[in-house]
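For reference, the chains in residue letters:
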Amino acid sequence: MEEITTSTTWSLVLSAILFFGGLLATVRLFVFHRNNPPDHEALSRVLTSRAWTVKQAGSVLGLLFLIYFFGSCIPHPSNEGQKQLTQLLLAFLMYAAILVMINRIIRERNQNWATTFGFEHSKLGQLKLSPAIYLALLPILMITTEGSYYLLELLNGAEPELQMVSQYITGEIGWMKVLYILVAIFIAPVYEEIFFRGIIFPFIAKHYGLTASIIWTSIFFALMHFHLPSLVPLTLLSTALCLTHWRIESLWPCIGVHMIFNTVSVTALHLAG
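Rules of the game
Residues numbered from 1 in each chain as written. Predicted model: local features only at pLDDT ≥ 70, side-chain atom pairs only at ≥ 80, totals over all residues. Heavy atoms only, no water. pLDDT = per-residue confidence, 0-100. Helix = DSSP H or I, 4+ residues; strand = E, 2+ residues; numbered from the N terminus. Axes fitted to C-alpha atoms, helices over the stretch in contact; angles between N-to-C directions. Parallel < 35°, antiparallel > 145°, perpendicular 65-115°, else oblique. Contact = heavy atoms within 4.5 Å. Nonpolar A, V, L, I, M, F, W, Y, C, P; charged D, E, K, R; others polar. Phe/Tyr/Trp six-rings, centres within 6.5 Å; stacked < 30°, edge-to-face > 60°. Lys NZ or Arg CZ within 6 Å of the ring centre and 35° of its normal. Disulfide = S-S within 2.5 Å. Buried < 20%, exposed > 50% of the residue type's maximum accessible area, 1.4 Å probe, protein only. Polar contact = N/O pair within 3.5 Å; in protein donor to acceptor, adjacent residues only side chain to side chain. Salt bridge = Lys/Arg side-chain N within 4 Å of Asp/Glu carboxyl O.

### Some words on the confidence of the model for the protein chain
Low-pLDDT portions of the prediction should not be read for the details of their coordinates.
Okay, step 1: Confidence in the prediction of the protein chain, expressed as mean pLDDT, is 89, and 92% of residues score 70 or more.
Okay, step 2: Averaged pLDDT values over the elements of the protein chain bottom out at 65 in helix H7 (residues 164-169) and peak at 98 in helix H9 (residues 210-223).

### Quick word on the packing of helix H2 (residues 40-49) against helix H10 (residues 231-248)
Okay, step 1: Packing of H2 against H10 brings their axes to within 8 Å, and their N-to-C directions diverge by 100°. One element, H2, and the other, H10, form an angle in the roughly perpendicular class. Counting all contacts with H2, which are made through His40, Leu43, Ser44 and Leu47, the residues of H10 involved are His245, Trp246 and Arg247.
Okay, step 2: Of the residues contributing to the contact of H2 with H10, the split by class is three nonpolar, three polar and one charged.

### Comments concerning the packing of aromatic side chains
Okay, step 1: Within the structure shown, the criterion is met by twelve aromatic pairs.
Okay, step 2: Aromatic side chains Phe117 and Phe119 sit 5.9 Å apart centroid to centroid with 55° between the ring planes, which places their arrangement in the tilted category.
Okay, step 3: Of the aromatic side chains, those joined through ring pairs into one cluster are Phe65, Tyr95, Tyr191, Phe195, Phe196, Phe220 and Phe221.
Okay, step 4: Of note, Arg197 hangs over the ring of Phe221, and the distance from its end group to the ring centre comes to 4.6 Å.

### Focus: the state of the cysteines
Okay, step 1: Scanning the model with the defined rule gives zero disulfides in all.
Okay, step 2: Its sulfur unpaired, Cys242 is 7.8 Å from the next cysteine sulfur, which belongs to Cys254.
Okay, step 3: Residue class for Cys242 comes out buried when judged on its relative accessible area of 0%.

### Some details on the environment of His245
Okay, step 1: Within the fold, His245 resides in helix H10.
Okay, step 2: Using a relative accessible area of 3% as the deciding quantity, one classes His245 as buried.
Okay, step 3: Each C-alpha atom, one on His245 and one on Ile260, is 16 Å from the other, the two residues being 15 residues apart in sequence.
Okay, step 4: Excluding anything up to four places from it in sequence, His245 contacts Leu47, Arg50, Phe117, Arg197, Phe201, Ser250, Leu251 and Cys254.
Okay, step 5: A distance of 3.3 Å separates a polar side-chain atom of His245 from the backbone oxygen of Ser250.

### So, the side chain of Thr86
Okay, step 1: Mapped onto the secondary structure, Thr86 falls in helix H4 (residues 80-108).
Okay, step 2: A relative accessible area of 18% means that Thr86 is categorised as buried.
Okay, step 3: Not counting the four nearest positions on each side in its chain, Thr86 is found in contact with His76 and Pro77.

### Concerning the pattern of salt bridges
Okay, step 1: Across all of its chains, the model carries four salt bridges by this definition.
Okay, step 2: Put simply, Glu108 and Arg104 hold a salt bridge, and the shortest N to O gap is 2.6 Å. With Glu108 and Arg104 both in helix H4 and four residues apart, this pair spans about one turn of that helix.
Okay, step 3: Looking at Glu108, the relative accessible area reads 49%, which means it is partly exposed.
Okay, step 4: When its relative accessible area of 40% is taken as the criterion, Arg104 is described as partly exposed.
Okay, step 5: The shortest N-O distance in the salt bridge between Glu120 and Lys123 comes to 3.8 Å.
Okay, step 6: Its relative accessible area of 22% is what places Glu120 among the partly exposed residues.

Structure representation (structure tokens):
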């Protein structure tokens, strides 16, 4: 009992430090934004210039839904280990197929990955902004996450289940768990930022404007995780990532923030599980 109490106390202390540190980071970002106001028109022009055509964006989106449909039609094994392996293989199939199509479309447009997504080597240094951006987001993410779980528990009378991938991560240590952790931290953030912030976000911005694009991209991003308790936090995370991409004109810091977010989430789940 004493060990549990001590662990809980340290957890609360760490959460408080991160929360107030996040508030300080938020203030610093606000001051920087006020002292260095963005050129909305120029930044939006750069963003929409990267937008793909309806056919190009639609083909990637169609492939995504086709893979999801294919995955839902496959009978899942009753064995938990085989089920996890099937899910992992489907994820790799999705990543590979969509990245191959993205590469083909980029070549059709006579462009490269650097100019399409702001991956120039000169912008790689912007990754150093990722910790500060994540820390500034942390207070609102903490509040909305706890609030969402509390509200759903209040409405349903039971604690909400973890996301499926999160359930796998909290399982016993093994090569499957290690693979899921590696995918969550290193692969999924790169793929998701390219797909949502690199393709969907500029496409909607070109046709419906910046504000609508941020809203719809963020809602789509949250819904595609298929986890109701995470809907509000993920929508807010995506909103911040969209604004980061718009302001900095590169996906590097977005990928960095996403990796930190997933790393912290995986670590918290591992410690809790």
